[in-house]
Amino acid sequence: MSATFLGMPGNFPKNAAQAVQNSQLRYNLRKATHTIRGKRASVVGELPDWQELRAAGKAIKDETLRHLDRYLVQLEEAVTAAGGHVHWARDAAEANRIVAGLVKATGETEVVKVKSMATQEIGLNEALAAEGVTAYETDLAELIVQLGDDFPSHILVPAIHRNRAEIREIFLDKMDDAPPGLTDEPAALAEAARVHLRERFLRSKVAISGANFMVAETGTLVVLESEGNGRMCLTLPETLISVVGIEKVLPTWRDLEVFLQLLPRSSTGERMNPYTSTWTGSAEGQDFHLVLLDNGRTDVLADEVGRQALRCIRCSACLNVCPVYERAGGHAYGSVYPGPIGAILTPQLRGMTSDLDASLPYASSLCGACYEVCPVAIDIPEVLVDLRAKAPHGAAERAGMRIAGWVLNDQARLATAQRAATRLRKLVPRRLPGPLSAWTDTRDLPDIPEESFRDWWEREG
């Protein structure tokens, strides 16, 4: 099961209500999401075949998921043939045990990390710390989050909720080698991080990564990034351990070409990423281990509606257009997967037994903007509605739905109810009593007309 952020014991409505009171947070989110959104729209608009690419990405992912067992076995055989080692992890605990064991076998007590949502999902840093191993994040945004004892708030830009003045204060407070005269200019902050990380790259013998894609045909893993920190982690250490969700596999190199067009444009608003790293098995004496992570994905795959969430390529386009995310931020979702994709993926991976997870399918206005920008055409509103039907509902809500169904399923009963409502409309309170107050707490009760449409039609028709 994926970890829940500490300090998030409630549900999404409570978390979001607290977040929207933070005007600085709302400003930071709006500025960043609108900037990324604009860049994406510009580069997507350059491609006359964008919708065809989108359809191709969807088709490739669906084909892969239908035959996932076959492609995963093919991947394992190719990685092993290239000198790598493949490990299978049913859940977070097993994955953490495997990685901790591999690190401890090297005798090292620290590792450097490429940005990886899969390792955040399983709480790997905390698990390694419990085994006496310190994990250092090397992505700039992840470094900011780690130094600030914070949680990521965005898939692409984990520190999107921080502005540069806040980042400067974090560096001065937590980075031992930060220059005392550090300013909040982006170039100065980036240089401070670069100097801080360079020593770690040069001395670390073990690195941990995720992967954007895995090619079953050749056993090749692919990481797309913008800073070069990933390239340093993937090439310098003597041991490389990659933890990757089983849904990240693609059948062939030809399929990868489609996603190398879709992902950069949808995520960073670039035609291609500055760094695209590929590696196949063990190279130049490096010891390579691939940990294939299930952690609930097989259960998601079994759901005919919900399985489309496994198409996700973690581009974050849905977050950048979501009016709910823009105001509430990522922390309110209580998971490493925030925004619209988190609202459908997290409850499926973790189940909906907690108040937080049961509330996530309601963290949406169902406006459909997320579906329109998704590069692999995940119908997020469809999955949200499906999950709402599966979420636990209170006794009062269930009783209300049964009564509504009884009335709406019979024409005569509906007509009687409408006439009674028009006659008693002046007695209907603006705020409903008891358990029904939860409905009117967040929306206005519509005015009841003096005459129903049915009666008007009979009179005028």
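Structural data are supplied above this passage.
Here the structure is a predicted model, which is why all the values come from computation and not from measurement.

I keep staring at the packing of helix α9 (residues 164-174) against helix α10 (residues 186-203) and nothing clicks. Help me out?
For any two helices packed against each other, one specifies the crossing angle of their axes together with the interaxial distance. Where α9 contacts α10, the two axes come as close as 11 Å, and the packing angle between them is 30°. The angle between the axes of α9 and α10 places the two elements in the roughly parallel class. For the pair α9 and α10, the sense of crossing is left-handed. Contacts between α9 and α10 involve Arg164, Ile167, Arg168 and Phe171 from the former and Pro186, Leu189, Ala192 and Ala193 from the latter. In terms of residue class, the contact of α9 with α10 is made up of six nonpolar, no polar and two charged.

I would appreciate a short explanation of the sheet that holds strand β4 (residues 206-209) in the present structure.
The six strands are arranged β1-β10-β7-β4-β2-β3 in an open sheet whose pairing can be described as parallel. Looking at strand neighbours, the two that pair on one side only are β1 (85-89) and β3 (134-137), the edges of this open sheet. Averaged over all pairs of adjacent strands, the angle between their axes in this sheet comes to 25°, without regard to strand direction. The pairing of strand β2 (residues 110-113) with β3 spans four bridges and is classified as parallel. Bridged to Glu110 within β3 is Thr134.

Teacher, can you tell me more about helix α3 (residues 50-66) here?
Structural remark: α-helix, 3.6 residues per turn; residues separated by three or four positions point the same way. End to end, α3 covers 24 Å across 17 residues, agreeing with the expected 24 Å (1.5 Å per residue, within 8%). Along α3, the positions that sit buried rather than exposed are Trp50, Leu53, Arg54, Gly57, Ile60, Lys61, Asp62, Thr64 and Leu65. The elements touched by buried residues of α3 are α2 (23-44), α4 (68-81), β8 (249-250), α12 (253-267), α13 (297-301) and α18 (369-373).

How should I be thinking about the sheet that holds strand β9 (residues 275-280) in this particular structure?
The strands that make up a sheet are held in pairs by hydrogen bonds between backbone atoms, and each pair lies either parallel or antiparallel. Spatial ordering of the open sheet is given by β8-β5-β6-β9, a layout of four strands whose pairing is mixed. Strands at the two margins of the open sheet, each flanked by one partner only, are β8 and β9. The pairing of strand β6 (residues 220-225) with β9 spans six bridges and is classified as antiparallel. Each residue of the ladder has a partner; that of Leu221, found in β9, is Trp279.

Explanation requested: the packing of aromatic side chains in the structure shown.
The geometry of an aromatic ring pair is captured by two quantities: the separation of the ring centres and the angle between the planes. For the structure on display, the rule yields seven aromatic pairs. Chaining the aromatic ring pairs together yields one cluster made of Phe12, Tyr325 and Tyr333. Residue placement shows Arg70 over the ring face of Tyr71; its charged tip is 4.9 Å from the ring centre. The ring of Tyr136 carries Arg200 above its face, with NZ or CZ at 3.6 Å from the centroid.

Reading guide: rules and limits
Per chain, the residues get numbers from 1 upward, laid out in the order the sequence is written. Local features in this predicted model are restricted to residues whose pLDDT is 70 or higher, and side-chain atom pairs enter the listing and the counts only when it is 80 or higher, whereas totals over whole chains, interfaces and linings include all residues. Water and hydrogen atoms play no part in the side-chain values, which are based on all heavy atoms of the structure. Note on geometry: axes are lines fitted to C-alpha atoms, helical ones only across the stretch in contact, with angles between N-to-C directions running from 0 to 180 degrees. The helix count covers DSSP runs of H or I at least four residues long, the strand count covers runs of E at least two residues long, and both are numbered beginning at the N terminus. Should an angle lie under 35 degrees it is considered roughly parallel, over 145 roughly antiparallel, and from 65 to 115 roughly perpendicular; all remaining angles are considered oblique. The sense of a crossing depends on the near helix, which, turned anticlockwise from the far helix by less than a right angle, makes the crossing left-handed and, turned clockwise, makes it right-handed. By definition in these notes, contact holds between two residues if any of their heavy atoms fall within 4.5 Å. Residues are sorted three ways: Asp, Glu, Lys and Arg are charged, Ala, Val, Leu, Ile, Met, Phe, Trp, Tyr, Cys and Pro are nonpolar, and all the rest, Gly among them, are polar. Pairing between strands requires that DSSP locate at least two bridges from one strand to the other. By this rule, a helix spans an expected 1.5 Å times one less than how many residues it contains. Only protein chains enter the area calculation, which uses a 1.4 Å probe; residues under 20% of their type maximum are buried, those over 50% are exposed, and those in between are partly exposed. Centres within 6.5 Å are what make two rings of Phe, Tyr or Trp a pair, Trp counting through its six-membered ring; a difference in plane orientation under 30 degrees is then read as stacked, over 60 as edge-to-face, and the rest as tilted. Lysine NZ or arginine CZ positioned within 6 Å of the ring centre and within 35 degrees of the ring normal marks a charge as sitting over the ring.

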